[in-house]
Amino acid sequence: KVMDAAMDFGPMSICYADANQDADRFEKDPAKVKILDKAALRLGYRIAVTKAAYYNAASPGGKITLDLAVANRGVAKIYADRELEVALLNAAGQAVASAKARPVPGTSQWEPGQDTPVKLEVLLPKNIPSGEYKRALAMLDEDPRRPDMRMDLAMKEKTPENRFILGALHVRLR
């Protein structure tokens, strides 16, 4: 499966060792540039949310359940189980609350080229103010040297902090 995906790129005679090299040092052949662009979008794992189901309202201290379908659009699997973060963003885009959880099944089970159904449950803080929030999802890098680092998801609608916007959530008192 991985070899088939690699062969999709076509014949290559290009060494792409340093992304910070000047563009002038690369060959100007448009076909080779196209191959490089395609390879860059498929190397490693590329996680995208393809479906999301959730309730649009919750109460402070209540549970949020997300039923997702995630696709690994890359050619590699995730070898370490990673935590996901659900954040509530205010109108200014700032996170006012966030919670981390391990998805079921874990991220190491998300195979390349497949959609995987995923369930994620997190609790809202009891002291969160009532109001309208944007619900955002992120995959965390588990390197202890950078505990708040978020992985780049293969999604278009994301924040500068690499949180993917899932939709609105209305928080209201019971």
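These numbers come from a predicted model, not from an experiment.

Caption draft 1: Expanded view of the overall build of the protein. When helices and strands are tallied, the protein shows 2 helices and 8 strands. Listing each helix as α and each strand as β along the protein from the N terminus yields α-α-β-β-β-β-β-β-β-β. Considering the protein as a whole, with its 174 residues, one finds that 40% of them fall into the buried category. Relative to all contacts within the protein whose residues are 6 or more apart in sequence, the contacts with residues 24 or more apart total 70%. Working note: accessible area of the protein is about 10,700 Å², and carbon and sulfur atoms make up 53% of it.

Caption draft 2: Focus on the pairing of strand β8 (residues 164-171). The buried fraction of β8 amounts to 6 of the 8 residues, a majority that puts the element mostly inside the structure. Sheet analysis places strand β2 (residues 57-58) next to β8, joined by 2 bridges and oriented parallel. Along β8, the bridge assignment pairs Ala 58 with Val 171. Pairing between strand β7 (residues 131-139) and β8: 7 bridges, direction antiparallel. The partner of Tyr 133 across the bridge, within β8, is Leu 169.

Caption draft 3: View of the sheet that holds strand β4 (residues 84-89). Read across the open sheet, the 5 strands follow the order β2-β8-β7-β4-β5; overall the sheet is mixed. Of all the strands in the sheet, just β2 and β5 (95-101) have a single pairing partner and so form its edges. For β4 and β5, the ladder comprises 6 bridges, and the chain directions are antiparallel. Across the sheet, the residue bridging to Leu 88 is Ala 97, located in β5.

Caption draft 4: Inspection of the nonpolar core at higher detail. Val 49, Trp 110, Leu 137 and Met 139 are the most contacted members of the largest nonpolar core, which totals 32 residues. Put simply, the parts of the chain that give this core at least two residues each are β1 (47-53), β3 (63-72), β4, β5, β6 (115-123), β7 and β8. Look past the residues within four positions of Trp 110 in its chain and what remains in contact with it is Ile 47, Val 70, Asn 72, Lys 77, Ile 78, Leu 84, Pro 103, Pro 105, Thr 116, Val 118 and Met 139.

Caption draft 5: Layout of unusual backbone geometry. Residue Pro 105 is reached from Val 104 by a cis peptide bond, and omega for that bond is -5°. Summarising the element assignment, Pro 105 is placed in the loop between β5 and β6. Non-glycine residue Asn 162 carries a positive phi angle of around 60°. Within the element layout of this structure, Asn 162 appears in the loop between β7 and β8.

Caption draft 6: Geometry of the confidence of the model for the protein. For the protein, the mean per-residue pLDDT works out to 79, and 78% of the residues sit at or above 70. Put simply, helix α1 (residues 2-7) is where the protein has its lowest mean pLDDT, 45, and β2 is where it has its highest, 93. Below pLDDT 50 for its whole length, residues 1-18 participates in 20 contacts with residues either more than four positions away or in separate chains.

Caption draft 7: Looking closely at the sheet that holds β3. If you trace the 3 strands from one edge of the open sheet to the other, you get β1-β3-β6, paired in antiparallel fashion. The open sheet has two free edges, formed respectively by β1 and β6, since each of these has just one partner strand. The mean inter-strand angle of the sheet, taken between neighbouring strand axes irrespective of direction, is 35°. Alignment of β1 against β3, held across 6 bridges, turns out to be antiparallel. Counterpart to Lys 51 in the pairing with β3 is Ala 69.

Rules behind the numbers
Residues numbered from 1 in each chain as written. Predicted model: local features only at pLDDT ≥ 70, side-chain atom pairs only at ≥ 80, totals over all residues. Heavy atoms only, no water. Helix = DSSP H or I, 4+ residues; strand = E, 2+ residues; numbered from the N terminus. Buried < 20%, exposed > 50% of the residue type's maximum accessible area, 1.4 Å probe, protein only. Contact = heavy atoms within 4.5 Å. Areas by Shrake-Rupley, 256 points an atom, 1.4 Å probe, with all protein chains shown as cover. Pairing = 2+ DSSP bridges. Core = buried A, V, L, I, M, F, W, Y, C linked by side-chain atoms within 4.5 Å. pLDDT = per-residue confidence, 0-100. Axes fitted to C-alpha atoms, helices over the stretch in contact; angles between N-to-C directions.

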